[in-house]
Amino acid sequence: MRLLLINPNTTQAMTDKVLAVARAGVSNEVELVGATGRFGAAYVASRAAYAIAGHAALDAWANASGEFDAVVLACFGDPGLDALREICPVPVVGMADASLMVAAQLGARIGIVTGGERWGPMLREFVAARGFADRVASIRTVAPTGADIARDPDGSLALLAQSCVTAVEEGADVVILGGAGLAGLADRMRDRVPVPLVDGVIAAVGQALTLAGLGVGKASRGSLAQTPAVESVGLSAPLARRLGGH
């Protein structure tokens, strides 16, 4: 089984972190390949950066070498998720979407904790668009961005744990730790939070493996059928070829 993990920002260290967390949770038979955005923000923490990251995700996929059984979009908020699902011939799993799916099987009401204050309204819009608005009891953001947390996880644990507890007090039965920068921290916080914690990377990789194993195939009709061929200008050659139907 071969999975492509796309980090649609330009920070290679974040890609490396996601790969390390993912590799710890899969068997030796699973090959994980990372792809980092060639352009855009160092870390997605605003609407503008999010919009650019959607393009970067498509570009990273088109420029990746070889064939894959599934694709993981390793950026919480999933920029470009449905576009990737349209153009890819294999299953595409977004970190935020997968986390919501897993959390919904662990509790009736969901909490989300992430880094970067601007993510609050962005995530409210995201959960509404994915049909989870009635299931999300709390969205808590902390001032440090995911990049800040990745650089100093030890200094962020207490703040993140308190935010998780606040989400529980606001009605959450399960809490998602959102963001690649928070990957791997769930295990270090379980004794501080009285409900299950969902690690977005682990959730996404697990679902990608499951979907790849099901062999469900690509839609030939509907909104996620193969992208119609179209000419383009200014894109990388591999992405232009993909959009052109090649």
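You'll find the structure just up there.
A brief structural summary. (Residues numbered from 1 in each chain as written. Predicted model: local features only at pLDDT ≥ 70, side-chain atom pairs only at ≥ 80, totals over all residues. Heavy atoms only, no water.)

## Here we look at the overall build of the chain
Link 1 in the chain: Helix and strand content of the chain: ten helices and eight strands.
Link 2 in the chain: Here the chain has a C-alpha radius of gyration of 17 Å; the compact-globule value for 246 residues is 18 Å, and the two agree.
Link 3 in the chain: Expressed as a percentage of its 246 residues, the buried residues of the chain come to 50%.
Link 4 in the chain: If you take every contact in the chain between residues at least 6 apart in sequence, the share linking residues at least 24 apart comes to 70%.
Link 5 in the chain: Here the chain displays about 10,800 Å² of accessible surface, and carbon together with sulfur accounts for 52% of that area.
Link 6 in the chain: The centroid of the 20 positive side-chain charges in the chain is displaced by 3 Å from the centroid of its 23 negative side-chain charges. (Helix = DSSP H or I, 4+ residues; strand = E, 2+ residues; numbered from the N terminus. Rg over C-alpha atoms; globule rule 2.2 N^0.38 Å. Buried < 20%, exposed > 50% of the residue type's maximum accessible area, 1.4 Å probe, protein only. Contact = heavy atoms within 4.5 Å. Areas by Shrake-Rupley, 256 points an atom, 1.4 Å probe, with all protein chains shown as cover. Lys, Arg positive; Asp, Glu negative; His and termini not counted. Charge placed at Lys NZ, Arg CZ, Asp CG, Glu CD.)

## Details of helix α7 (residues 153-169)
Link 1 in the chain: Spanning 17 residues, α7 covers 24 Å between terminal C-alpha atoms, matching the ideal 24 Å at 1.5 Å per step.
Link 2 in the chain: Listed in full, the buried residues belonging to α7 are Pro 153, Ser 156, Leu 157, Leu 160, Ala 161, Ser 163, Cys 164, Thr 166 and Ala 167.
Link 3 in the chain: Where α7 is buried, its residues contact β5 (110-115), β6 (136-142), α6 (146-151), β7 (174-178), α8 (186-189) and β8 (197-199).
Link 4 in the chain: Of the residues flanking the end of α7, it is Gly 171, one or two places downstream, whose phi is positive at about 115°. (Expected span 1.5 Å × (residues − 1).)

## Looking at unusual backbone geometry
Link 1 in the chain: Positive phi, normally seen in glycine, also occurs at Asp 78, with a value near 55°.
Link 2 in the chain: Within the secondary structure layout, Asp 78 lies in the loop between β3 (70-73) and α3 (81-87).
Link 3 in the chain: Residue classification places Asp 78 among the buried positions, given a relative accessible area of 2%.

## Remarks on the sheet that holds strand β4 (residues 92-94)
Link 1 in the chain: Overall, parallel pairing links the four strands, which are arranged β2-β1-β3-β4 in an open sheet. The strands lining the two open edges of the sheet, one partner per strand, are β2 (31-36) and β4. On average, adjacent strands in this sheet sit at an angle of 20° to one another, irrespective of strand direction.
Link 2 in the chain: Packed onto the sheet, helix α4 (residues 95-104) meets β3 and β4 and runs at close to 75° relative to β4. (Pairing = 2+ DSSP bridges. Axes fitted to C-alpha atoms, helices over the stretch in contact; angles between N-to-C directions.)

## Describing the packing of aromatic side chains
Link 1 in the chain: Enumeration according to the criterion identifies one aromatic pair in this entry.
Link 2 in the chain: Seen in terms of ring centroids, Tyr 50 and Trp 119 are 6.2 Å apart; in terms of plane orientation they differ by 80°. Their pairing is edge-to-face. Here Tyr 50 is found in helix α2 (residues 47-63), whereas its partner Trp 119 is found in helix α5 (residues 119-129), with 69 residues between them in sequence. (Phe/Tyr/Trp six-rings, centres within 6.5 Å; stacked < 30°, edge-to-face > 60°.)

## So, the pattern of salt bridges
Link 1 in the chain: By the definition in use, this model includes eleven salt bridges.
Link 2 in the chain: Here Arg 190 and Asp 187 are joined by a salt bridge, their closest N and O atoms 3.0 Å apart. (Salt bridge = Lys/Arg side-chain N within 4 Å of Asp/Glu carboxyl O.)

## A look at the side chain of Ser 138
Link 1 in the chain: For Ser 138, the location among the structural elements is in strand β6.
Link 2 in the chain: Ser 138 has contacts with Ile 110, Gly 111, Ile 112, Ala 167 and Glu 170, leaving out every residue within four places of it along the chain.

## Looking at the nonpolar core
Link 1 in the chain: Judged by nonpolar contacts, the single largest core of 47 residues is most densely connected at Leu 5 and Leu 100.
Link 2 in the chain: Top element by residues in this core is helix α9 (residues 200-214). It accounts for six residues.
Link 3 in the chain: If sequence neighbours within four positions are ignored, Leu 5 has contacts with Val 18, Leu 19, Ala 22, Leu 32, Val 33, Gly 34, Ala 35, Val 72 and Val 205.
Link 4 in the chain: Leu 4, Ile 6, Val 92 and Leu 239 belong to the second-largest nonpolar core, a separate cluster that totals 19 residues. (Core = buried A, V, L, I, M, F, W, Y, C linked by side-chain atoms within 4.5 Å.)

## Points about the sheet that holds β6
Link 1 in the chain: What the four strands build is an open sheet, ordered β6-β5-β7-β8; its pairing is parallel. At either margin of the open sheet sits one strand with a lone partner, and together these are β6 and β8. Strand-to-strand, the axes of this sheet are offset by a mean angle of 20°, without reference to chain direction.
Link 2 in the chain: Pairing of β7 with β8, which is carried by three bridges, proceeds in the parallel orientation. The residue bridging Ile 176 from the neighbouring strand is Val 198, located in β8.
Link 3 in the chain: Across the sheet, α9 is in contact with β7 and β8; its angle to β8 comes to roughly 65°.

All quantities given are derived from atomic positions and should not be read as evidence of function.
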